[in-house]
Amino acid sequence: MSRGGPHRDGGPGSAGPVTADGERRTRGWQDNLREYALDVRAGVRDGERGPLLVIAGLIVIWIVFQGLDDKFLSPRNLSNLSVDIVGTGLVAVGIVFVLLIREIDLSVGSVSGLAGAAFAVLNVNHGVPEWLAVIVAVAVGTAVGAFHGVFHAWLGVPAFVVTLAGLLIWNGLTLYLLGASGTINIDEEGLVASLTSHHFGDDLAAYAVAALGTAGYVLAARRRRSRHRAAGMPFRSEGEIWLRTGLLAVVAFAAAVTLNRFQGLPLALLIFLVVLVVSDYVLRRTRYGRRVFALGGGVEAARRAGIGVERVRVAMFMVSGTLAAVGGLFVASGLTSASPTTARAAGSGMLLINAIAAAVIGGTSLFGGRGSPWSVLLGVVVIQSIASGMGLLGVQDAVQFMITGGVLLAAVAADALSRRAQARRGRP
Amino acid sequence: MAHPPVLALRGITKRFGGVQALVDVDLQVRAGEVVALAGDNGAGKSTLIKVISGVSPADRGVIEWEGHLVQIKRPHDAHALGIATVYQDLAMCDNLDVVGNLFLGREIDRVGILDEVEMERRARDLMHALSIRIPDVRVPVAALSAGQRQAVAISRSLMGAPKVLLLDEPTAALGVEQTSHLLDLIEEVRDRGMAIILISHNMGDIKAVADRVAVLRLGRNNGLFDVSTVTQEQIISSVTGAADNAVAHRSKGDEEAWP
Ligand SMILES: Nc1ncnc2c1ncn2[C@@H]1O[C@H](COP(=O)(O)OP(=O)(O)O)[C@@H](O)[C@H]1O
Ligand SMILES: [Mg+2]
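Below is a short write-up of the structure. Bear in mind the structure is a predicted one, so any value in this text is a computation, not a measurement.

## Points about the pairing of strand β10 (residues 195-199) of chain B
Residue and element names in this part refer to chain B.
In step 1: The element β10 is extensively covered by neighbouring structure, given that five of its five residues are classed as buried.
In step 2: Here β10 shows no split at all, with Ala-195, Ile-197 and Ile-199 on one side and Ile-196 and Leu-198 on the other all buried.
In step 3: Bridge count between strand β3 (residues 34-38) and β10: four bridges; the pairing is parallel. Within β10, the position partnered with Ala-36 by the bridge is Leu-198.
In step 4: In this sheet, β10 lies alongside strand β9 (residues 164-168) in parallel orientation, the contact comprising five bridges. Looking at β10, one finds that Val-164 is bridged to Ala-195.
In step 5: Note on the crossover from β9 through helix α6 (residues 176-191) to β10: the handedness is right-handed.

## So, the coordination of the magnesium ion (ligand 2)
All names here are of chain B.
In step 1: Protein coordination of the magnesium ion (ligand 2) is provided by Ser-46 (OG) and Gln-88 (OE1), with donor distances spanning 2.1 to 2.3 Å. Here Ser-46 is found in helix α1 (residues 45-52), whereas its partner Gln-88 is found in the loop between β6 (83-86) and α3 (98-102), with 42 residues between them in sequence.
In step 2: The partly exposed category is assigned to Ser-46, whose relative accessible area is 21%.
In step 3: On the basis of relative accessibility, which here comes to 41%, the residue Gln-88 falls in the partly exposed class.

## Remarks on the environment of Ile386(A)
All names here are of chain A.
In step 1: Looking at the secondary structure, you find Ile-386 in helix α16 (residues 373-393).
In step 2: When the C-alpha atoms of Ile-386 and Ala-210 are compared, they prove to be 26 Å apart, with 176 residues separating the residues in sequence.
In step 3: Ignoring sequence-local partners within four residues, the contact set of Ile-386 consists of Ile-61, Phe-65, Ile-403 and Val-407.

## Describing the packing of aromatic side chains
All names here are of chain A.
In step 1: In the structure shown here, the tally under the stated rule is four aromatic pairs over all chains.
In step 2: Measuring from ring centre to ring centre gives 4.9 Å for Phe-147 and Phe-151, while their planes differ by 50°; the resulting arrangement is tilted. With Phe-147 and Phe-151 both in helix α5 (residues 130-153) and four residues apart, the pair spans about one turn of that helix.
In step 3: A centroid spacing of 6.4 Å and a plane angle of 20° characterise the contact between Tyr-207 and Phe-253, whose relative ring orientation is stacked.

## Structural notes on the side chain of Ser110(A)
In step 1: Positionally, Ser110(A) belongs in helix α4 (residues 108-125).
In step 2: For Ser110(A), the contacting residues outside a window of four places in its chain are Gly166(A), Leu167(A), Trp170(A), Asn171(A), Thr174(A), Ala346(A) and Gly347(A).

## A closer look at the layout of surface pockets
All names here are of chain A.
In step 1: Here the second largest pocket is characterised by a volume of approximately 990 Å³.
In step 2: Thr-88, Val-331, Leu-335, Leu-351 and Asn-354 are, among the 41 residues lining the second largest pocket, the residues nearest its centre.
In step 3: Here the residues of the lining of the second largest pocket sort into 21 nonpolar, 18 polar and two charged.

## Here's the deal with unusual backbone geometry
In step 1: Unusually for a residue other than glycine, Thr336(A) sits at a positive phi of about 45°.
In step 2: Its identity is not glycine, yet Asp24(B) carries a phi of approximately 50°, on the positive side.
In step 3: Among the structural elements, Asp24(B) can be located in strand β2 (residues 19-29).
In step 4: Using a relative accessible area of 27% as the deciding quantity, one classes Asp24(B) as partly exposed.

## So, the nonpolar core
In step 1: Judged by nonpolar contacts, the single largest core of 95 residues is most densely connected at Ile85(A), Ile95(A), Phe119(A), Phe272(A), Ile356(A) and Val376(A).
In step 2: For this core, the leading source of residues is helix α3 (residues 75-100) of chain A, giving 13 residues.
In step 3: Setting aside its immediate chain neighbours within four residues, Phe272(A) contacts Ile85(A), Val86(A), Gly89(A), Leu90(A), Val93(A), Val376(A), Leu377(A) and Val380(A).
In step 4: Within the second largest apolar cluster, 52 residues are counted, among which are Ala38(B), Val86(B), Val209(B) and Val213(B).

## Thoughts on the site of ligand 1
All names here are of chain B.
In step 1: Phe-16, Val-19, Ala-21, Asp-40, Asn-41, Gly-42, Ala-43, Gly-44, Lys-45, Ser-46 and Thr-47 make up every residue found near ligand 1.
In step 2: Here an oxygen atom of ligand 1 sits 2.8 Å away from a polar atom, N or O, in the side chain of Ser-46.
In step 3: In the complex, 58% of the free accessible area of ligand 1, which totals 550 Å², lies under the protein chains.
In step 4: The set of elements that each furnish at least two residues to the shell around ligand 1 consists of β2 and α1.
In step 5: Along the lines of polarity and charge, the residues of the shell around ligand 1 split into four nonpolar, five polar and two charged.

## Remarks on the pattern of salt bridges
In step 1: Under the criterion given, the structure shown has 30 salt bridges over all chains.
In step 2: In this structure, Glu107(B) and Arg287(A) form a salt bridge, with 3.6 Å as the shortest nitrogen-oxygen distance. With Glu107(B) in the loop between α3 and β7 (109-110) and Arg287(A) in helix α11 (residues 287-297), this pair bridges two chains.
In step 3: On the basis of relative accessible area, Glu107(B) is assigned to the buried category, the value being 5%.
In step 4: For Arg190(B), the salt bridge goes to Asp211(B), with nearest N and O atoms at 3.4 Å. Taken as a pair, Arg190(B) in helix α6 and Asp211(B) in the loop between α7 (203-209) and β11 (212-217) lie far apart in primary sequence, 21 residues in all.
In step 5: Since its relative accessible area comes to 27%, Asp211(B) is described here as partly exposed.
In step 6: A single network of salt bridges, built from pairs that share partners, joins Arg290(A), Asp97(B), Glu116(B), Glu120(B), Arg124(B) and Arg138(B).

## Considerations on the sheet that holds strand β4 (residues 60-65) of chain B
All names here are of chain B.
In step 1: Read from one edge to the other, the open sheet built from four strands follows the order β2-β1-β4-β5, with strand pairing classed as antiparallel. A single partner strand is all that each edge strand has here, and the edge strands are β2 and β5 (68-70). Adjacent strand axes in the sheet meet at a mean angle of 30°, parallel and antiparallel pairs treated alike.
In step 2: Both strand β1 (residues 7-16) and β4 contribute to a ladder of five bridges, which runs antiparallel. Of the residues in β4, the one forming a bridge with Leu-7 is Trp-65.
In step 3: Across the sheet, α1 is in contact with β1, β2 and β4; its angle to β1 comes to roughly 115°.

## Comments concerning the sheet that holds β11(B)
Residues and elements named next belong to chain B.
In step 1: Here six strands make up an open sheet; going across it, the order is β6-β9-β10-β3-β11-β12 and the pairing mixed. In this open sheet, the two strands that pair with only one neighbour each are β6 and β12 (220-226). Taking each pair of neighbouring strands and ignoring which way they run, the sheet shows an average axis angle of 15°.
In step 2: Across the sheet, α6 lies against β3, β9 and β10, angled at about 155° from β10, the strand it touches most.
In step 3: Lying on the sheet, helix α8 (residues 232-240) is in contact with β3, β11 and β12; it crosses β11 at an angle near 25°.

## Points about the interface of chain B and chain A
In step 1: If you look at the interface, chain B gives 52 residues, while chain A gives 43 residues.
In step 2: At the boundary of chain B with chain A, total buried surface from both sides reaches about 4,300 Å², with 54% on carbon and sulfur atoms.
In step 3: Broken down residue by residue, the surface that chain B buries against chain A is led by Asn95(B), Val117(B) and Glu177(B), which jointly contribute 13%.
In step 4: Joining chain B to chain A, the criterion identifies five salt bridges.
In step 5: Notably, a salt bridge pairs Arg304(A) with Asp89(B), separated by 3.0 Å at the nearest N-O pair.
In step 6: When residues of the side of chain B that touches chain A are traced back to their parent elements, those giving at least two are α2 (75-81), β7, β8 (113-114), α4 (116-129), α5 (146-158) and α6 of chain B.
In step 7: Per-element accounting of the side of chain B that touches chain A gives the leading share, nine residues, to α6(B).
In step 8: Among the residues forming the side of chain B that touches chain A, the class breakdown is 20 nonpolar, eleven polar and 21 charged.

Conventions and cut-offs
Residues numbered from 1 in each chain as written. Chains lettered and ligands numbered in written order. Predicted model: local features only at pLDDT ≥ 70, side-chain atom pairs only at ≥ 80, totals over all residues. Heavy atoms only, no water. Buried < 20%, exposed > 50% of the residue type's maximum accessible area, 1.4 Å probe, protein only. Helix = DSSP H or I, 4+ residues; strand = E, 2+ residues; numbered from the N terminus. Pairing = 2+ DSSP bridges. Right-handed = clockwise from strand over helix to strand, strands pointing away. Donors = N, O, S within 2.8 Å, 3.2 Å for Na, K, Ca; no water. Contact = heavy atoms within 4.5 Å. Phe/Tyr/Trp six-rings, centres within 6.5 Å; stacked < 30°, edge-to-face > 60°. 1 Å grid on protein atoms, 1.4 Å probe; cavity = no way out; pocket = protein on both sides within 12 Å on 5 of 7 lines; lining within 4 Å. Points joined across faces, edges and corners; volume = space filled by probe spheres on them. Nonpolar A, V, L, I, M, F, W, Y, C, P; charged D, E, K, R; others polar. Core = buried A, V, L, I, M, F, W, Y, C linked by side-chain atoms within 4.5 Å. Near = heavy atom within 4 Å. Polar contact = N/O pair within 3.5 Å; in protein donor to acceptor, adjacent residues only side chain to side chain. Areas by Shrake-Rupley, 256 points an atom, 1.4 Å probe, with all protein chains shown as cover. Salt bridge = Lys/Arg side-chain N within 4 Å of Asp/Glu carboxyl O. Axes fitted to C-alpha atoms, helices over the stretch in contact; angles between N-to-C directions. Buried area = accessible area lost by both parts, 1.4 Å probe.

Below, the structure written as structure tokens:
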């Protein structure tokens, strides 16, 4: 359909200048094309550079710690690491949802502590069945998130203030709940304890997950490719798909072999992977996820497109509160207890900082609209590797704090720099 | 002109705190007509556009759609009537790609799962039909040039086959060729029966495509002209206030209401 053409030529007395115009226009588009090609090259470099740098950094960290202590890369330590990342990792996935809409949730550490305490008090002190206590604890996290979301979205209080107040309120409530009983030990054979203690002893489990993950990836990628090709649209080349599949397979099976040399696939890791796959799918492939990204890219644009901005905001804080609570259950599971000491630690901000650092190191932006749940996997492995290595070496807490804070600062600085570089390229 | 105007505004008033952005503004546009909206910076042009598009509804005044009284309280209401808008700031999500922006708020999906292939296909078809050349519809709009972003915003507005198109200074970011391309486009959609309200500071653009010019000054109507008979000087003096046009559109109490 070429509209424009006939009409342009039809205008009385306008034929001459417009023809000249047309030629100039063609040159203009060619310039655009060249400019654009440069942009794309830079964009791809930028998109791939971050994760590759982090992976390189992780390899360096592993080599250094392995050099300092040869137990670091042992199947036992790596298996424990794969369980220890899950509590922080789940909290960080919740943070990703909030960061994507360009907000922050500072309360997640306290909320995770609250969930652990709520579970322990209900189950141990009041004899509520475990499954029910788990549901209530998670629902508490959801409700707390909704509370923050409503204050922020409908009353217009900045999210960092609402959740900063929440940090103190929920930590206070946790200490209050635990105040009467002090430390509560949870059932070591129970459901919650098994979240972190259960391993699938059969070697087949880890291999099956690795194989399913790889096969799922390659099938989905090929299906999308064939749909694009059927519609005559470009997509990743066959070669690139196989390269990615190959890398994924190497990592997945190496992990499976390592885990099987200790106690097999940990249940915690399996749950974490399922949460990552599901949340990534929701964010990237659904209409709802598109709204989340839209909010991060421009609230006003989203509003004018008819998106219910307030509702999405509340929902994101609910997701963050829920995942903070689930993460809190994993933390309680790892400790098999809920105590005032751990509650104070949860309120001290260590978990919060680790979760934010995990999300940002992996490539989720503090400036909204850019990131993915998978970034958490990469980031939390880095964070937990540093923590685990320093633990093995017996580095004192004071130094660990400084190093963790420094890592967070480096990650957000890199995020800010990459954003500036993009802004420079983005608009002339 | 037997048909009622597709869109008619009467007595639109809007205040921001102490600023009277719009006072008793009237405006009409018919199918197949381009009405230019002229006025100095701060005259209230963008505010009027946002009233019509539901982004920030009027405090007082009525809106008639095809002769019937309607309420436009949210962007959704305007979309539902068939009003599409290209905002002065374009209102795009920089992090989303061209397809994502084109379909923002009206994605094609199957039970909530995005149909990216279909959206991309339609995006390409639309770009092709409008002879807009964006080399890759999968690049985030932040990476596009100002002219390309403008082109995407205009394509988006034309996507749902609207009846009324609001363009807020669409040529401000464009070069000469791109402007002429856009003006051609405006004439085309006008000839297909769309009603267009075009905000522009450029008298050349107005003379080229508009049928009538409505002038806003300090939030009030300050003249309504037929482009074929009015001179550029008349429009400019109306914009600057050198001539206070006693036009039927102006309501009588204006002078008292204005401090
Ligand atoms: N959201 C707002 N809040 C306060 N004042 C506003 C707002 N939007 C516009 N105004 C004021 O209303 C007047 C008209 O603005 P605008 O419609 O943007 O003018 P124009 O588009 O004609 O240049 C200006 O004085 C402007 O400062
Ligand atoms: Mg304006």
